[in-house]
Amino acid sequence: MRVDEFDFDLPNESIALHPAEPRDSARMLIVRQGEPLEDGHVRDLLKVLRAGDVLVVNDTRVLPAELVGQRIRGDLRANVSFNLHKRVDAHTWRAFARPAKKLHLLDRLELGDNGSIAATVTGKGDTGEITLEFDLGGAILDEAIKAHGAMPLPPYIEAKRHTEERDKTDYQTIYAAHDGAVAAPTAGLHFTEGLLQQLTELGVTIERVTLHVGAGTFLPVKVDDTDDHVMHAEWGDIPAAVVERILAAKAKGGRVVAVGTTSLRLLETAARATGTLQPFIGDTDIFITPGYRFNAVDILMTNFHLPRSTLFMLVSAFAGLETMRAAYAHAIGNGYRFYSYGDSSLLFRRD
């Protein structure tokens, strides 16, 4: 499909710069195929979901993975910054560099507030992607990144304001557990402990999967046709016990509700080979566009996404392109807040 089919105009003032307070007071647009759009709030999940449904959340934890420092080449120094986006091994990360043109293979780097995180450039791609091999490794490296890195807010927020201390908690889900993401699974930002407890009391099961969201989620689609776009891979894990419980719930008539496109992409990756959900661990670069046959997910809760983005393509595949065009026009016209800290939508699968 042509990428421009997924374009739309968004007023600048529609971009949310801070989350709703409390989190579950965010607005939610309920979208059912062939039915009128319904305005509500995230807490209305208590009215829409039912006993036996399974809410699948992504429990990745965002690392403060924006590092600044200096490139050292002999007596010459230059300021550089990096957004880490994918762990390769205990010592190695792939990152987007600014400015990448200042970097050469084997350049040494001193990063962090006091230059205490040392690294070497061991790879350089054509699109500004750099491979960094750190002197530190494993948990020690993770702690150093946490101590010296900044929360990597999306570029459409960073362009409007500086990172704030509150972002360390605002840009993290309340159930985040496993370090590794460099962008939040933002649909999950709307949940509170109280709402999760009420859903559990209703009879909704909460299941956790892990997909470490990479900075590639913010990259624009630069090709004219979706067939020519290459997705960045992200690491995910769906344990066997989680799969067993989800399949048991589906067998009893329960619906699988993916919280966010990250949860959906991981579930669909795990079901793609056989048409039935299977345990999964490894990288996924699944790219979902209209025409994709969904196997695992019945309902999707997701934020409102960028025009021409892979995420808007995904929701258009899930609920129908024309339906999503109408939903987004409604959201814009009715003052919904967009993107990471914005409002949400609840989409029911067409079939």
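Our structure's up above, just so we're on the same page.
Within any chain, residue numbers begin from 1 and follow the written order of that chain's sequence. Only residues with pLDDT of at least 70 get local features here, since the model is predicted, and only at 80 or more are side-chain atom pairs given and counted; chain-wide, interface and lining totals rely on the full set of residues. Side-chain figures throughout are based on the complete set of non-hydrogen atoms in the structure, without hydrogens or water.

Peer 1: Would you take a moment to explain the overall build of the chain for this structure?
Peer 2: Summing up its helical and strand segments, the chain has nine helices and 17 strands in all. When its C-alpha atoms are laid out on the principal axes, the chain stretches across 65 × 45 × 40 Å. Only protein chains enter the calculation, and the probe is 1.4 Å; a residue is then buried if its accessible area is under 20% of its type maximum, exposed if over 50%, and partly exposed in between. A total of 351 residues make up the chain; the buried ones form 56% of that total. Residue contacts follow a heavy-atom distance rule, with two residues in contact if any of their heavy atoms lie within 4.5 Å. Within the chain, counting contacts between residues at least 6 apart in sequence, those at least 24 apart form 72% of the total. Taken as a whole, the chain presents about 15,000 Å² of accessible surface, with 50% of it coming from carbon and sulfur. Charge assignment in this entry is limited to Lys and Arg as positive and Asp and Glu as negative, and neither His nor the chain termini are counted. Note on charges: their place is set at NZ of Lys, CZ of Arg, CG of Asp or CD of Glu. Computed over 38 positive and 48 negative side-chain charges, the inter-centroid distance for the chain is 0 Å. Each helix is a run of H or I in the DSSP string that is no shorter than four residues. Each strand is a run of E no shorter than two, and both are numbered from the N terminus. Exposure was quantified through the Shrake-Rupley algorithm and a 1.4 Å probe, taking into account, for residues, occlusion by the shown protein chains and nothing else.

Peer 1: Help me understand the pairing of strand 1 (residues 27-31) in this model?
Peer 2: Successive residues of a regular strand alternate their side chains across the two faces of the sheet. For strand 1, a buried count of four out of five residues is recorded, marking the element as mostly surrounded by other parts of the structure. Where strand 1 and strand 2 (residues 38-41) come together, four bridges link them in antiparallel fashion. By the bridge assignment for strand 2, Arg-27 is matched with His-41. Counted between consecutive antiparallel strands, the loop separating strand 1 from strand 2 contains six residues, among which Gly-34 sits at a positive phi close to 80°. Two strands form a pair only when DSSP identifies at least two bridges running between them.

Peer 1: Any chance you could explain the sheet that holds strand 10 (residues 129-134) here in plain terms?
Peer 2: Whether parallel or antiparallel, the strands of a sheet pair through hydrogen bonds between backbone atoms. Taken in spatial order, the six strands line up as 5-6-7-10-9-8 and close into a barrel, and their pairing is antiparallel. Across the sheet, the mean angle from the axis of one strand to that of its neighbour is 45°, orientation sign disregarded. Relative to strand 10, strand 9 (residues 117-124) is paired through five bridges, and the arrangement is antiparallel. Opposite Ala-119, over in strand 10, you have Phe-134 as the bridge partner. The strands that helix 2 (residues 138-148) touches are strand 5 (66-73), strand 6 (76-87), strand 7 (92-98), strand 9 and strand 10; relative to strand 9, the one it contacts most, it runs at about 105°. Between N-to-C directions, angles cover 0 to 180 degrees, with each direction set by a line fitted to C-alpha atoms, over the stretch in contact for helices.

Peer 1: Explain unusual backbone geometry to me, please; I cannot follow it from the model alone.
Peer 2: With an omega dihedral of -10°, the bond running from Glu-21 to Pro-22 counts as a cis peptide bond. A cis geometry characterises the amide bond from Arg-98 onward to Pro-99, with omega recorded as -10°. With respect to the helices and strands, the residue Pro-99 is situated in the loop between strand 7 and strand 8 (108-111). Even without being glycine, Tyr-339 reaches a positive phi, approximately 75°. Position of Tyr-339 among the secondary structure elements: in the loop between helix 9 (321-333) and strand 17 (344-348). You can call Tyr-339 buried: its relative accessible area is 6%.

Peer 1: Looking at this structure, how should I read the pattern of salt bridges?
Peer 2: Two side chains that carry opposite charge are able to pair once their charged atoms sit near each other. The term salt bridge refers to a side-chain nitrogen of Lys or Arg lying within 4 Å of a carboxyl oxygen of Asp or Glu. In the structure shown here, the tally under the stated rule is 24 salt bridges. The salt bridge involving Arg-108 is made with Asp-135; its shortest N-O contact spans 2.9 Å. Taken as a pair, Arg-108 in strand 8 and Asp-135 in the loop between strand 10 and helix 2 lie far apart in primary sequence, 27 residues in all. Owing to a relative accessible area of 33%, Arg-108 belongs among the partly exposed residues under this scheme. Here Glu-234 ties to Arg-265 by a salt bridge, and the two come within 2.6 Å at their closest N and O atoms. In this pair, Glu-234 is assigned in strand 13 (residues 234-238) and Arg-265 in helix 7 (residues 260-272), connecting sequence segments 31 residues apart. Comparing Glu-234 with Arg-265, the two get one shared label, buried. Beyond isolated ion pairs, a larger network of salt bridges with shared partners links Arg-61, Glu-143, Lys-146 and Asp-179.

Peer 1: Please explain the side chain of Ser-345 as it appears in this structure.
Peer 2: Along the chain, Ser-345 turns up in strand 17. Those residues in contact with Ser-345, other than ones at most four positions away along the chain, are Met-28, Leu-29, Leu-300, Met-301, Thr-302 and Phe-304.

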